[in-house]
Amino acid sequence: MRQVDVRLHSDFAIGTTNPRLFGSFIEHLGRCLYGGIFEPGHPTADAKGFRHDVMSLVRELQPTIMRYPGGNFVSGYNWEDGVGPVEQRPRRLDLAWMSTETNRFGTNEFLDWCRMAGIEPMLAVNLGTRGADAARNLVEYCNHPSGTALSDMRRSHGWEAPHGVKFWCLGNELDGHWQIEAKTAEEYGRLAREAAKVMKWVDRSLELAVCGSSGRYMPTYGRWEETVLEHTFDHVEYISLHTYLNNYNADTAAFLASPDLMDSFIEEVIAIADAVAARRRSSRRIMLSFDEWNVWYRTRRNRAARVQPGWPIAPPILEEIYNVEDALAFGGMCISLLNHADRVRAACLAQLVNAIAPIMTETGGPAWRQTIFWPFMHFSRLGRGRVLRTEIDSPTYAARYNDPNGPEDTFFPLPSVPYLKLAAVHDPDGRRLTLFALNRSLTDELPLRLDAMGYDGLTLKQAMQLHDTDLKAINSKAHPDRVTPRALDSVRVSGQRVEATLSAASWNVIELGTS
Ligand code: AHR
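Now for a description of the structure that goes with this document. (Residues numbered from 1 in each chain as written. Predicted model: local features only at pLDDT ≥ 70, side-chain atom pairs only at ≥ 80, totals over all residues. Heavy atoms only, no water.)

This paragraph deals with the environment of Val 295. Tracing the chain through its elements places Val 295 in strand S10 (residues 287-295). The exposure class assigned to Val 295 is buried, which follows from its relative accessible area of 0%. Apart from the residues within four sequence positions on either side, Val 295 is in contact with Leu 245, Phe 255, Tyr 322, Asp 326, Ala 329, Phe 330 and Met 333. (Helix = DSSP H or I, 4+ residues; strand = E, 2+ residues; numbered from the N terminus. Buried < 20%, exposed > 50% of the residue type's maximum accessible area, 1.4 Å probe, protein only. Contact = heavy atoms within 4.5 Å.)

Take a look at the structure:
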């Protein structure tokens, strides 16, 4: 491949990342909680039942926010079932994942776990089967200091101090037919507005995310965002986006191109939100919460991998095993998020443990890192700071990506995909400029030449690469370190110039010192 040129300047930035961009998500789903983060009796579990082997991997990932309790689950959830003495909590049928919910883990356990992990909680309220009343009661239970029935109930449950949860989701994917009590945009918009209003009457400091479309392939996409924001514009801070990329067609070139559709999705939702603002002649800007994103397909349309018969407790469902090409597409998604840091102010990798997750566990056994663990860790630990504008001159290829998750197959043409997808983040405190670079060529090395104007005297701190000649290679309990990043030796730095040769089909992270 010919040389790929990149130019950037220290003065020209897209925006500064919000800490909430590096979030994740834990749902009452399969073994995400039970047998994942929470497993009383596990050799590494503490008195609360929190697995410390999982906790130490979570600390490596450094997620900043955690969304809970769903997901589809929240649309049938009675939050009252998950608080108070454990032995009195009811068992319920969970219609989202066709399993039995024991409610041994609930809101207070979640908030304790977040405190232990140093993570900001993001609570979702049920706007499927329930509404504004249950939502404002949950806010009062969590955040009101004392002196009311609900705040005193929390205190009697053992949590004297208010939890102070600031960031809330107004339901989940209510546009989807799979959702328990799905809604039209009109129905949901009105309900979300009323819920938002009374939740903020209980606690004025809340920040709220209203549901956007479940995906860009949804037939109501666009009109849904517009209608919902017409109802909620004055009451919410964020609108949500969800994307799961796939390689159903076994077309890896198209799969690696598909993160570019996330860029389009983000830019379209910004346009719609700003059009709603424009109609009001408002300078207010609704921010984007990309609160579900990942690769997910093998366990998505395969019913046996999605639900199991007999209403099991914590069944092993959605246990997607990620390979190298998944990690590359995933890295592309990280770059898309960084390059929209001005408007995507929150994001959640869906999910954290076992169910479509970077961390896998065996119940009673060890925990290990999936391939996607690595790009998320790089993104989360090195992606904080000013995201710089880049000018990229790369050869391109054409692809056609299929997203069959809507009512019918939807083909998205991608006529001009640059082989290089890149983001550059400057952390002035760490005196660090980090380049995240995905080479999407499946056959060719990519000779990269980058000029970082305004940064004289760059030094190389470290350079890592995730690459494997076997794109289907995975990590497993038996081989937990089969796929790990290795040093990228080809980087040369001189003055403001960086040169490197990126292997075919590789994820690369180059950390530079700035003076
Ligand atoms: O993350 C898995 C599921 O995907 C979530 O429960 C739902 O919101 C989405 O459809």
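From this point, the narrative continues.
What the rule picks out here adds up to 5 cavities of 30 Å³ or more. A volume near 160 Å³ is recorded for the largest cavity. Lining the largest cavity are 16 residues, and of these Arg 216, Tyr 217, Thr 243, Leu 245 and Asp 403 lie nearest its centre. Among the elements that take part in the lining of the largest cavity, strand S9 (residues 238-245) stands out by supplying 4 residues, more than any other. (1 Å grid on protein atoms, 1.4 Å probe; cavity = no way out; pocket = protein on both sides within 12 Å on 5 of 7 lines; lining within 4 Å. Points joined across faces, edges and corners; volume = space filled by probe spheres on them.)

Time to look at the side chain of Ser 99. With respect to the secondary-structure elements, Ser 99 resides in strand S5 (residues 99-101). Note on Ser 99: relative accessible area 6%, which makes it buried.

With 5 of 6 residues buried, strand S6 (residues 120-125) is to be regarded as a mostly interior element. Where strand S3 (residues 65-68) and S6 come together, 4 bridges link them in parallel fashion. Note that in S6 the partner of Ile 65 across the bridge is Glu 120. In this structure, S6 lies alongside strand S7 (residues 167-170), joined through 4 bridges in parallel fashion. Among the inter-strand pairings, Ala 124 is bridged to a residue of S7, identified as Cys 169. (Pairing = 2+ DSSP bridges.)

Residues in close proximity to the ligand include Phe 25, Glu 27, Gly 71, Asn 72, Trp 97, Asn 172, Glu 173, Tyr 244, Glu 292, Trp 296, Gln 351 and Ile 356, which together make up its full environment. Glu 27 has a polar side-chain atom sitting 2.7 Å from an oxygen atom of the ligand. In this structure, Tyr 244 approaches the ligand through a side-chain N or O atom, which is 2.8 Å from an oxygen atom. Starting from 280 Å² of accessible surface for the ligand in isolation, the protein chains cover 97%. (Near = heavy atom within 4 Å. Polar contact = N/O pair within 3.5 Å; in protein donor to acceptor, adjacent residues only side chain to side chain. Areas by Shrake-Rupley, 256 points an atom, 1.4 Å probe, with all protein chains shown as cover.)

When you line up the elements, Thr 102 lands in the loop between S5 and helix H2 (107-117). On the basis of relative accessibility, which here comes to 12%, the residue Thr 102 falls in the buried class. Excluding residues that lie within four positions of it along the chain, Thr 102 makes contacts with Tyr 34, Arg 89, Pro 90, Arg 91 and Ile 313.

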